[in-house]
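Commentary on secondary and tertiary structure
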Amino acid sequence: MTSTYAVLSEGLEKRFGAVHALRGLDLAVATGTVCGILGPNGAGKTTAVRLLTTLLRPDAGSARIAGHDLVREAAAVRRKIGVTGQYASVDGDLTGRENLRLFARLHRVRGPAERAGELLDRFGLAEAANRAASTYSGGMRRRLDLAASLIRRPEVLFLDEPTTGLDPASRNLIWSAVRDLTAEGTTVLLTTQYLEEADQLAHDIALVDRGRVAHTGSPAQLKSLIGTHVEVVVADADVLAKAAAVLDRLTGAQPSFDHERNAVGAVSRDSTLTLPRLVRELDAAGVPLLDASLRPPTLDDVFLQLTDDHQERAA
Ligand SMILES: Nc1ncnc2c1ncn2[C@@H]1O[C@H](COP(=O)(O)OP(=O)(O)OP(=O)(O)O)[C@@H](O)[C@H]1O
Ligand SMILES: [Mg+2]
């Protein structure tokens, strides 16, 4: 059965003793999209992935994955998904090729040798295919782990921090694999500490904070919650008020002053404001400028402003 949402959860809760790791997690991931789960350490990202992949049972709440009930149809869910964890699952004593062939046979994939070869090529592991996985670098192991999770062509792929600690080349291989998979119709849910990764890959982002989804939206929508920082530095304190009036008019936001630097700044929600226009308007108002800057928000700004920094941190 295909449905609009490949992952749909409502009110998922999980406690570990005194720790309330998930406190009502609501998620909706549209089929064929990439959803990025962002959040500080200890926010509950890994717990969410373990619940959604049937590795842990929720204490409360419900979810449907690829059209199946997470708890009542756990076996069907498992057949539709692929998972790679923060900790790899490959066997170090076997070669890369043997690992993939074994997974292929376990999952009764047709042509296990061909499928293994195809995935080794795709993840740049062909040369190392006949070496024990224990001799692989961290990045190679991670790629092998991802290849193993794709053996069965899952409908929904869960990736828990797929590129943490990887070099740029390995990261790019994983990013392009994720893009290829989505082009083929796979839904991907990934957790990440790298805001750039979410910006590059995710159609939608769920910002998780203290076991709940605090904000959702596309990267652009989340950035528009923050706005663009505009700052003007003038040569003479006398014209600061004039500069502020221009900023007020252009941004519709309350300007703030830094009198020591003769600077005035504001946060603009208007994404069409450009630096040339800002400079032109200031010039027309007769404001001599030392400096003017527009800094569009990054996901880092979103992350820092929208998550509570004072929560309990995971070790
Ligand atoms: N098996 C467990 N036993 C006890 N507490 C746990 C267990 N697993 C997770 N927790 C706690 O639940 C909370 C959420 O942990 P989780 O691993 O889901 O966070 P995370 O968002 O993945 O963090 P990170 O960014 O560090 O990977 C933390 O406070 C953590 O210490
Ligand atoms: Mg984690």
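Each remark here, short or long, concerns the structure printed above.
Quick caveat, the model's predicted, so the values are computed rather than measured.

**A word on the pairing of strand E8 (residues 187-192)**
- Across the six residues of E8, six count as buried, placing the element largely inside the fold.
- Judged by which residues are buried, E8 turns out to be covered on both faces: Thr187, Leu189 and Thr191 on one side and Val188, Leu190 and Thr192 on the other are all buried.
- Looking at chain direction, strand E3 (residues 34-38) and E8 are connected through five bridges and run parallel. Across the sheet, the residue bridging to Ile37 is Thr191, located in E8.
- Where strand E7 (residues 156-160) and E8 come together, five bridges link them in parallel fashion.

**Topic: the packing of helix H3 (residues 96-106) against helix H5 (residues 138-150)**
- Close contact between H3 and H5 brings their axes to 9 Å; oriented N to C, the two are set at 20°. Between H3 and H5, the angle is such that the two are roughly parallel. As for the relative orientation of H3 and H5, their crossing is right-handed in sense. On H5, the residues that touch Gly96, Asn99, Leu100 and Phe103 of H3 are Leu144, Ala147 and Ala148.
- Its residues placed into classes, the contact of H3 with H5 shows five nonpolar, two polar and no charged.

**Observations concerning H3**
- Three or more residues of H3 are buried, namely Gly96, Asn99, Leu100, Phe103 and Ala104. Buried positions in H3, seen along its axis, are confined to an arc of 130° and lie on one side of it. When the buried face of H3 is taken as reference, the exposed residues oriented beyond 90 degrees from it are Arg105 and Leu106.
- Residues of H3 that are buried sit in contact with helix H4 (112-122) and H5.
- One or two positions beyond H3, positive phi appears at Arg108, with a value near 50°.

**A short note on the packing of helix H8 (residues 219-226) against helix H11 (residues 299-306)**
- Closest axis-to-axis distance for the H8/H11 pair is 9 Å, and the angle between their directions is 60°. Our pair here, H8 against H11, has a crossing hand that is left-handed. Contacts from Pro219, Leu222, Lys223, Leu225 and Ile226 of H8 reach H11 at Leu299, Asp301, Val302, Gln305 and Leu306.
- Tallied by class, the residues present in the contact of H8 with H11 amount to seven nonpolar, one polar and two charged.

**A short note on the sheet that holds strand E12 (residues 256-258)**
- Strand order in the open sheet formed by four strands is E12-E13-E11-E14, with antiparallel pairing between adjacent strands. Where the open sheet ends on each side, the last strands, each with one partner, are E12 and strand E14 (289-295). The mean angle between the axes of side-by-side strands here comes to 20°, regardless of whether they run parallel or antiparallel.
- In this structure, strand E11 (residues 228-234) lies alongside strand E13 (residues 263-268), joined through six bridges in antiparallel fashion. Considered in E13, the bridge of Val233 is made with Ala263.

Conventions adopted
- Residues numbered from 1 in each chain as written.
- Chains lettered and ligands numbered in written order.
- Predicted model: local features only at pLDDT ≥ 70, side-chain atom pairs only at ≥ 80, totals over all residues.
- Heavy atoms only, no water.
- Buried < 20%, exposed > 50% of the residue type's maximum accessible area, 1.4 Å probe, protein only.
- Helix = DSSP H or I, 4+ residues; strand = E, 2+ residues; numbered from the N terminus.
- Pairing = 2+ DSSP bridges.
- Axes fitted to C-alpha atoms, helices over the stretch in contact; angles between N-to-C directions.
- Parallel < 35°, antiparallel > 145°, perpendicular 65-115°, else oblique.
- Left-handed = near helix turned anticlockwise from the far one by under 90°.
- Contact = heavy atoms within 4.5 Å.
- Nonpolar A, V, L, I, M, F, W, Y, C, P; charged D, E, K, R; others polar.
- Arc of directions from axis to C-beta.

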